[in-house]
Amino acid sequence: MSKMWSAKILNVLLPAVLIGCSPNGEGADQESEDEVVLDFMYWSSSDSEERAFQEQFQQFEEENPGIKIDAHPMPGDDIHMQAKIRIAADDAPDLIRIQYQQLGEYLGEDALLDVSDIYEDNIEQFNPSLLEAVSQGDAIYGMPHHTDTLALFYNKTYMDELGIEPPNQIDEAWTWEELFDVSQQLQEHDLANYGLAYSWDEGSAYRILPLFYQNSVSIFSNDLSEATVNTEDGVDTLRQIQEMYQNHMSVGNSARGGDDPNLLFTSGTAGMLIDGNWMIPEYEESTEFEWEVTFMPQGEQSASDMGGNAVAIPENAPQPEEGKKFLEFLGEADNNMAFAEEGIFIPGRTDVDDEIDYDFDDPDSIEAMEVFLEQAETVPEHMAQTMTIPEFNEINQVIADQMENLLVYEETPEDVANSLEEEIDSIIKD
Amino acid sequence: MNSKAPTNENKSISSTFNRKFQSMKKEWKETNKISFFFLCIIAFIFLIPFLWMLSTAFKTSGEAMSGDTNFIPRTFTWENFQELFQVVPYMDYLVNSIIVAFFAVILTVFINLLAGYAFAKYKFRGRNILFVLVLATLMVPAHIIVLPNFFILNELGWINTYAGLIIPTAAEAFGLFLARQYMLSIPDEMIRAARVDGAGEFKIFLKIILPNVQPLIAILIIFTFMFRWNDLIYPLVVSTDSSMYTLPVGMVMAEGEYFVDWTLMMSMTLISIIPILIVFFIFQRHFVQGFANTGMKE
Amino acid sequence: MTAVYSWFQKNKLRITPYVFLTPNIILFFTFMIAPIIFIFFISFHEWNIIGDPSFIGLSNYTELFFDSLFWTALGNTLYFTIGVVPISAALGIGGALLLRMKTPFRAFFRAIFFMPVVVSMVATALIWVWMFNPDFGLINEWLGYIGVNPDWLGSTTLAMPAVIIAMIWVQAGYSLVIYLAGVQNVPENLYESAQIDGANKWQQFWNVTLPLLKPTTVFVVIILVINTIMAFDLVYTMTSGGPGNSTMILINYIFRASFEEGAMGYGAALGVVQFILVLAISGISLWLGREKE
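Residues numbered from 1 in each chain as written. Chains lettered and ligands numbered in written order. Predicted model: local features only at pLDDT ≥ 70, side-chain atom pairs only at ≥ 80, totals over all residues.

The name that an unreviewed UniProt entry assigns to chain C is ABC-type sugar transport system permease subunit, with the source organism given as Geomicrobium halophilum. Checking UniProt for chain C, the heading Sequence similarities (unreviewed entry) contains the comment "Belongs to the binding-protein-dependent transport system permease family." (UniProt positions renumbered as here; feature names shortened; annotations may be inferred.)

The name an unreviewed UniProt entry assigns to chain B is ABC-type glycerol-3-phosphate transport system permease component, from the organism Geomicrobium halophilum. You can read under Sequence similarities (unreviewed entry) in the UniProt record for chain B the words "Belongs to the binding-protein-dependent transport system permease family." Under the UniProt heading Subcellular location (unreviewed entry), the entry covering chain B gives this text: "Cell membrane".

Structure below.
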């Protein structure tokens, strides 16, 4: 990346008076010389996640005297924008937490530091799909910190009333028809206004993709060269999504709608909710009814979403060596496990799976977490690959827009399949 | 609202009260009943959202989600606020907001008065072009220029500083426009007379002009304060460090990404608007007078 | 030294205004004009913020014509503006005339009407999202008594009216205060003479009040139009442009293109177009307002 061409242009435009006010040299740090302060951009979407991060910081600072972590949570929506701006302004933070889906944009511009050297003998201990997501060619550009997935939360009080017992084996997971039937009963018996809620929004419209994979549809071909969504199965999947929304979900629960899916569920307005493992501790606190988790409904096969985040170092970070130390720290078995236990995540390392002991207030939540752990194995490998292409952000936008056309504007599944195919092609065939 | 308190302390309280009552009675007789009736209705409609927020802020989560429409909470609770103060370092943000708003008001009001005076009362080359340029900046979408602004501030080393939060948006067109319009109504003779007496230009501004534009100053204070107190996008970009967050930024940051609890949200909204409402009620008397003299005479 | 001083004394009136304007000029130039030039420059480039920009000439501008979302956003902006501005202005003028009559608690009423203006757009948006909540919001609870339960923010037809209502709540007070000032400048004796001429209240309003308030109206309309077109925070917090693209106004599309889709160059071009649009609307309003003076 060429250095700061933007700043150079603006330099010309700036009146000399103001330049006079600027401190000499770049990044005039007020910190004392012998202490390194690492600026870490991250977000927390729950209290437990925040606690998990704080514990990691504390532990790291104890082990590494002389390095401090200066970290402040920000909303996930803003972090991506601000990280990009800061990298462009050459005021990059030392470390950034990045969603796997956002990684491609950074990798495409070589904006992240190659950190392959922090992996030595431990490389096989990491989840290969996640490792793949943070790699480009032979080089690795980050730490696959953790992953999450989606499964089905349900209101147990309602289910008991209907005498329904949701499946507890993954191969017995409901089909979508079965789910729709349960939803129908919930609505007919006036238990819930809506059978189902789906946790997604514009930025995470890709969470609908597992439904395609369940019907063996992938949105691109294997070599990622063209869209492959406009097939008979693709159209069927879209029809199924349309039915799900029209008959079982609240109008405001489209990807860009105004409803908050969590609120729909916790208030009892929706009887079931597709959401991620990180929500378990929140529901422990905020629901007044009993709830449990079962597997994502299945189609021809089961599939669920690959969520989670990596931590990476910008290519122009001011203190890359210390940053790497922190990455290494996050990847150590004990720390990676402790983070997952506190934050209720699926760790990036696979060698800690057996020992992991989640920190729940309610011991019953462990069963819920076990569902997620099992569900995580159904994440399609192909999906993991496609998510980190540089254009994924644009593709996600297309998915969001087309889902709105399908659900809100009630376009036919055939038309939507057509537009999806066309728009995705126009992005990747560039 | 009747602020004329009796000055003579010897009067007994009851007679004061009586007088007041008499004057109210007289006032009511002269009242245009229909317009009063309409005003009451409109005022009520305008107040409803505030009242609903206020009542939700003191309800328990369960009651708020019960679908009842009572404005007075059945179980009155402070818990939402306690929980909020645990999550959000409200006082820190409040202090930042006050520092930023205070200095921004002083700076902005002063330079707007100066510039408004220059535009209104001097003839100089480029006056009209400059004025039109200034007005045109009102139409620039702020959300797009934050990006180059970040680069500039970064060059200046002003990211995460009070200077960066206060100075860049101190020049703003709306206040300057109001100041210029208001100053037009100042009689030229007054300035000429002062010049004849040998007063310097800056002294005229300080000693003659400023004392005559107090309603304008009140308006500028309200608007600047309002604009700074509520501004979100700019401080959001300038402060990358939470120790520099202002109240709105802190609030947005604290709003859980995935989780919404409406009682918490409404208590958060409530405490974020209390300071600005206080400032507003202090200065609002001057409002109409200030606007009246901006006189819309181009 | 004395030569300089006497030169200064002689040219005092010519120099002083520039001195008085200096702080403003420096700040405007640095934090407004320079960024605008930058945005204009970048609008001829393809740029995703982290990488290097590549020059593509007018492509961003020509792309606009074929971008259906741009036209949707433009249409929505128009809908939003037409929904908000006339009603807010009418409420303002009506309120101002009511407050001109003799009634108690005038200052109190005025304060109530202006209160929404001082509250931040984010707070306003949150309050109204909660008001419009389909399950527990006040509006639907009340509408429930007549048996309807619309999902305001979830519906492509109702979301825009809902956002418009919230915006009117804010803007009405704004226009009211400006009109209050304008109404004060209407001399009382004009009404008296109109009354002698036998004009009824409505004719008085139409023939006396309104024409005299024309300059105020021009000012109010320009300010309201600008506020409405710039209402990013409100729309972003209430609906972020959805459902579908039914509430996507231009400024939200600019933000989305620039930062969320990573097409900063295209976003910049959209920004330039919006700027020209607002400039044109304001120019037209001024021209219409001035014509008959």
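*Asks:* Quick question: what am I supposed to make of the overall build of chain C here?
*Replies:* From N to C terminus, chain C includes 14 helices and 2 strands. Since a compact globule built from 293 residues should have a radius of gyration of about 19 Å, the 24 Å found for chain C marks it as more spread out than a globular shape. In terms of overall dimensions, chain C has a C-alpha envelope of 80 × 70 × 35 Å along the principal axes. The buried share of chain C, taken over its 293 residues, is 53%. At a minimum sequence separation of 6, the contacts of chain C that also span at least 24 residues come to 69%. (Helix = DSSP H or I, 4+ residues; strand = E, 2+ residues; numbered from the N terminus. Rg over C-alpha atoms; globule rule 2.2 N^0.38 Å. Buried ≥ 20, exposed ≤ 12 C-beta atoms within 10 Å, placed from the backbone. Contact = placed C-beta atoms within 7 Å.)

*Asks:* When you look at the UniProt feature "transmembrane region" (unreviewed entry) in chain B in this model, what are you seeing that I'm missing?
*Replies:* Mapped onto the present numbering, the UniProt feature "transmembrane region" (unreviewed entry) falls at residues 34–55, 93–117, 129–153, 159–183, 204–227 and 262–283 of chain B. What you have in residues 93–117 of chain B is 100% helix and 0% strand, and the ends, taken at the C-alpha atoms, are 35 Å apart.

*Asks:* How do you make sense of the interface of chain A and chain C when you look at a structure like this?
*Replies:* By a widespread convention, an interface's size corresponds to the accessible area lost as its parts come together. If you look at the interface, chain A gives 36 residues, while chain C gives 28 residues. Secondary-structure elements contributing two or more residues to the side of chain A that touches chain C are α1 (5–13), α2 (16–21), α4 (76–88), α5 (100–108) and α17 (392–407) of chain A. The dominant element in the side of chain A that touches chain C, judged by the number of residues it contributes, is α4 of chain A, at 5 residues. Looking at the side of chain A that touches chain C residue by residue, the classes come out as 18 nonpolar, 10 polar and 8 charged. (Nonpolar A, V, L, I, M, F, W, Y, C, P; charged D, E, K, R; others polar.)

*Asks:* What's the story with the UniProt feature "transmembrane region" (unreviewed entry) in chain C in this structure? I'm lost.
*Replies:* Those places that UniProt annotates as "transmembrane region" (unreviewed entry) correspond, in this numbering, to residues 21–44, 78–99, 111–132, 152–170, 218–238 and 263–288 of chain C. Secondary structure across residues 218–238 of chain C comprises 90% helix and 0% strand; the distance between its end C-alpha atoms is 29 Å.

*Asks:* Hey, could you run me through the interface of chain C and chain B in this one?
*Replies:* Contact residues are listed per partner, giving 79 residues for chain C and 74 residues for chain B. When residues in the side of chain C that touches chain B are grouped by element, the largest group, 20 residues, is from helix α2 (residues 12–42) of chain C. Looking at the side of chain C that touches chain B, its residues break down into 58 nonpolar, 15 polar and 6 charged.

*Asks:* Looking at this structure, I do not really get α4 of chain A. What am I missing?
*Replies:* For the α-helix, the turn length of 3.6 residues means that residues three or four positions removed from each other point alike. Residues and elements named next belong to chain A. Taking 1.5 Å per residue, 13 residues should reach 18 Å; α4 reaches 19 Å between its end C-alpha atoms and fits that length. Considered for burial, the residues of α4 that qualify are Ile79, His80, Met81, Ala83, Lys84, Ile85, Arg86, Ile87 and Ala88. Just beyond α4, the residue with positive phi is Asp90, at close to 60°. (Expected span 1.5 Å × (residues − 1).)

*Asks:* Looking at this model, I keep getting lost on the domain arrangement of chain B. Mind explaining?
*Replies:* All names here are of chain B. Domain annotation of chain B identifies domain 1 (14–85) and domain 2 (88–292). Placing the centre of domain 1 and that of domain 2 at their C-alpha centroids yields a distance of 31 Å. Listing elements by their share of the side of domain 1 that touches domain 2, those giving two or more residues are α2 (33–57), α3 (61–64) and α4 (79–87). Among the elements that make up the side of domain 1 that touches domain 2, the one with the highest residue count is α4 (5 residues). (Domains from an automatic or database assignment.)

*Asks:* Could you clarify how one ought to interpret the confidence of the model for chain B in this entry?
*Replies:* Fine structural detail should not be taken from predicted coordinates in areas where pLDDT scores are low. Residue and element names in this part refer to chain B. With 88% of its residues at a pLDDT of 70 or more, chain B shows a mean pLDDT of 82. Summarising per-element confidence for chain B, the mean pLDDT is lowest in helix α16 (residues 287–292) (67) and highest in helix α5 (residues 90–121) (92). Within the model, pLDDT remains below 50 along residues 1–8, and this stretch shows 5 contacts once partners closer than five positions in the same chain are excluded. (pLDDT = per-residue confidence, 0-100.)

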